[in-house]
Amino acid sequence: MKDSLKQFLEYSDSDEELANYIRINADWNEESFIKMMKLIRKVIGDYSDSPYYHKAFVFYCMEIIRIIIETISCIEFCNSWPEGYTQESYRYFIAERIEKLKILKKDFIMSL
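As the structure is a computational prediction, the values presented were derived from the model and not from experiment.

Following the criterion strictly, the structure yields 10 aromatic pairs and no others. Between tryptophan 28 and phenylalanine 33, the ring centres sit 5.2 Å apart and the planes meet at 50°, which makes this aromatic pair tilted. With a relative accessible area of 8%, tryptophan 28 lands in the buried category. Given the relative accessible area of 3%, phenylalanine 33 is considered buried. With a centroid separation of 5.4 Å and an interplanar angle of 55°, the aromatic rings of tyrosine 85 and phenylalanine 93 are classed as tilted. Chaining the aromatic ring pairs together yields one cluster made of Phe8, Tyr47, Tyr53, Phe57, Tyr60 and Phe108.

Printed below as a string of C-alpha cells:
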C-alpha cells in the first residue's frame, strides 16, 4: 500500500473528514476540503499505473463525494453563513465547491 493511500485512509477515518464534519456540524470545513482534494488526487496519481484501487477509496470517490454534493446542494445548507459572507456570496462559494467536487469525481471515473 502506497503512502498516499495510507494517508487518505487515515483522513477518511478521522473526525476531520469532510462528510463527517458536515454531518456533525452542519457547516463547511475548507481545510478538510483542501486536504481531501489533495489526498484523492495524490492517490489517483500514485495508482495511475495500477489496474485497481482500494475498495474504500472507490467507495469514497463514488458514494461519499456524492453525499457531500447532495448535502451542500440543499438550500437549507446556506441558511446560515460564516462571518465575512453574505447569503448570496456564501451560496456562490458553495456552488464553486460543488463544481470542484464534480470535477474530482469525474477525474476519478476517468482514471478507472
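With their axes 11 Å apart at the nearest point, helix α1 (residues 3-12) and helix α4 (residues 55-73) run at an angle of 60° to one another. Taken together, the axis directions place α1 and α4 in an arrangement best described as oblique. Here the hand of the crossing between α1 and α4 comes out left-handed. Together, Leu5, Phe8, Leu9, Tyr11 and Ser12 of α1 and Ala56, Phe57 and Tyr60 of α4 make up the contact between the two elements. Within the contact of α1 with α4, the residues separate by chemical class into 7 nonpolar, 1 polar and no charged.

The subject of this paragraph is unusual backbone geometry. Peptide bonds are trans in most cases, and residues, glycine excluded, mostly fall at negative phi. Phi is positive for alanine 26, close to 50°, though the residue is something other than glycine. By the secondary structure assignment, alanine 26 is in the loop between α2 (18-25) and α3 (30-46).

Conventions and cut-offs
- Residues numbered from 1 in each chain as written.
- Predicted model: local features only at pLDDT ≥ 70, side-chain atom pairs only at ≥ 80, totals over all residues.
- Heavy atoms only, no water.
- Phe/Tyr/Trp six-rings, centres within 6.5 Å; stacked < 30°, edge-to-face > 60°.
- Buried < 20%, exposed > 50% of the residue type's maximum accessible area, 1.4 Å probe, protein only.
- Axes fitted to C-alpha atoms, helices over the stretch in contact; angles between N-to-C directions.
- Helix = DSSP H or I, 4+ residues; strand = E, 2+ residues; numbered from the N terminus.
- Parallel < 35°, antiparallel > 145°, perpendicular 65-115°, else oblique.
- Left-handed = near helix turned anticlockwise from the far one by under 90°.
- Contact = heavy atoms within 4.5 Å.
- Nonpolar A, V, L, I, M, F, W, Y, C, P; charged D, E, K, R; others polar.

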